[in-house]
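# Summary of structural features
Below, each chain spelled out in residue letters.
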Amino acid sequence: YETTITASNALLGIVQFATRWLDMPLSLTDLDIATYPLQYLLTEEEYFSLRKGTRESRIQKFEEFWKKKDPTPETAMNEMMAEFYRRVDYAINAFRTLKEPNGSLTDRGKIYILYGKPTSTERVLSPNSTPKEIWTYENLKKTFVFEDPSKQGNYKLAESR
């Protein structure tokens, strides 16, 4: 990803320079893939507004959304966006299933994207019961329980506390 920045300086006049994001998350290379996980942060109306229109208008809305979330707008890097899409990339691969090839759209993917890596993960596998995965976030005092009634890797959020 490369962007050109034009800066105005009293001594130098107008200066153009480029920045390059070398380890840019792959999910940012496709507008649709980058937009899907935003449904976790937006209202339904905001999300559908972001998804409709010409490609150019969608890109503009996408960039405006992340510009508002940038914790350091004076720099070229948007740390919040970078972390969000680093998590999206991880979720796409780590939580994919036969039913959902994009793991960022699964329940476990959603929780990972929103909260990051859990402090601890526990798997409960017993021949006589539904497989469970329990994610604990100690710093948030949150626990998420995922169950897979089909026993085919399609874990669904069953409980959060």
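All of these numbers come straight from a predicted model, not from anything done at the bench. (Residues numbered from 1 in each chain as written. Predicted model: local features only at pLDDT ≥ 70, side-chain atom pairs only at ≥ 80, totals over all residues. Heavy atoms only, no water.)

### A word on the layout of surface pockets
Taken as a whole, the second largest pocket spans an internal volume of roughly 200 Å³. As for the second largest pocket, its lining consists of Leu42, Glu46, Ser49, Leu50, Lys61, Glu64, Phe65 and Lys68. If you list the elements that add at least two residues to the lining of the second largest pocket, you get helix H2 (44-51) and helix H3 (55-69). For the lining of the second largest pocket, the element with the most residues is H3, which contributes 4 residues. (1 Å grid on protein atoms, 1.4 Å probe; cavity = no way out; pocket = protein on both sides within 12 Å on 5 of 7 lines; lining within 4 Å. Points joined across faces, edges and corners; volume = space filled by probe spheres on them. Helix = DSSP H or I, 4+ residues; strand = E, 2+ residues; numbered from the N terminus.)

### Thoughts on the pattern of salt bridges
Where side chains of opposite charge bring their charged atoms close, a pairing between them can arise. Applying the stated criterion across every chain, the model contains 8 salt bridges. Here Arg161 and Glu159 are joined by a salt bridge, their closest N and O atoms 2.6 Å apart. One continuous salt-bridge network, built from bridges that share partners, spans Asp32, Arg51 and Arg58. (Salt bridge = Lys/Arg side-chain N within 4 Å of Asp/Glu carboxyl O.)

### Description of the side chain of Arg87
As for its position among the elements, Arg87 is in helix H4 (residues 79-94). Once residues within four sequence positions are removed from consideration, Arg87 is found in contact with Tyr112, Ile113, Leu114, Tyr115 and Gly116. (Contact = heavy atoms within 4.5 Å.)

### Some words on helix H5 (residues 107-115)
Within the sequence span of H5, burial applies to Arg108, Gly109, Ile111, Tyr112 and Ile113. Each element contacted by the buried residues of H5 is listed here: H4, strand S3 (120-124), strand S4 (132-137), strand S5 (142-147) and strand S6 (156-160). Looking one or two residues beyond H5, the residue adopting positive phi is Gly116, at roughly 85°. (Buried < 20%, exposed > 50% of the residue type's maximum accessible area, 1.4 Å probe, protein only.)

### Regarding the packing of H3 against H4
Relative to each other, H3 and H4 sit at 115°, their axes nearing to 8 Å. Of the possible angle classes, the one that applies to H3 and H4 is roughly perpendicular. Residues Phe62, Trp66 and Lys69 of H3 form the contact with H4, whose participating residues are Met80, Met81, Phe84 and Tyr85. Looking at side-chain class alone, the contact of H3 with H4 contains 6 nonpolar, no polar and 1 charged residues. (Axes fitted to C-alpha atoms, helices over the stretch in contact; angles between N-to-C directions. Parallel < 35°, antiparallel > 145°, perpendicular 65-115°, else oblique. Nonpolar A, V, L, I, M, F, W, Y, C, P; charged D, E, K, R; others polar.)

### Focus on the side chain of Arg58
The residue Arg58 is located in helix H3 in this model. The class of Arg58 is buried, set by a relative accessible area of 13%. Not counting residues up to four positions away in its chain, the partners in contact with Arg58 are Leu31, Asp32, Thr35, Leu50, Arg51, Lys52 and Gly53.

### Topic: the sheet that holds S4
Reading across from one edge, S3-S4-S5-S6 is the order of the 4 strands in this open sheet, with antiparallel pairing throughout. Two strands in the sheet have a free side with no partner beyond their single neighbour: S3 and S6. Averaged over all neighbouring strand pairs, the angle between strand axes comes to 20°, with direction disregarded. Pairing geometry for S4 and S5, over 6 bridges, is antiparallel. (Pairing = 2+ DSSP bridges.)

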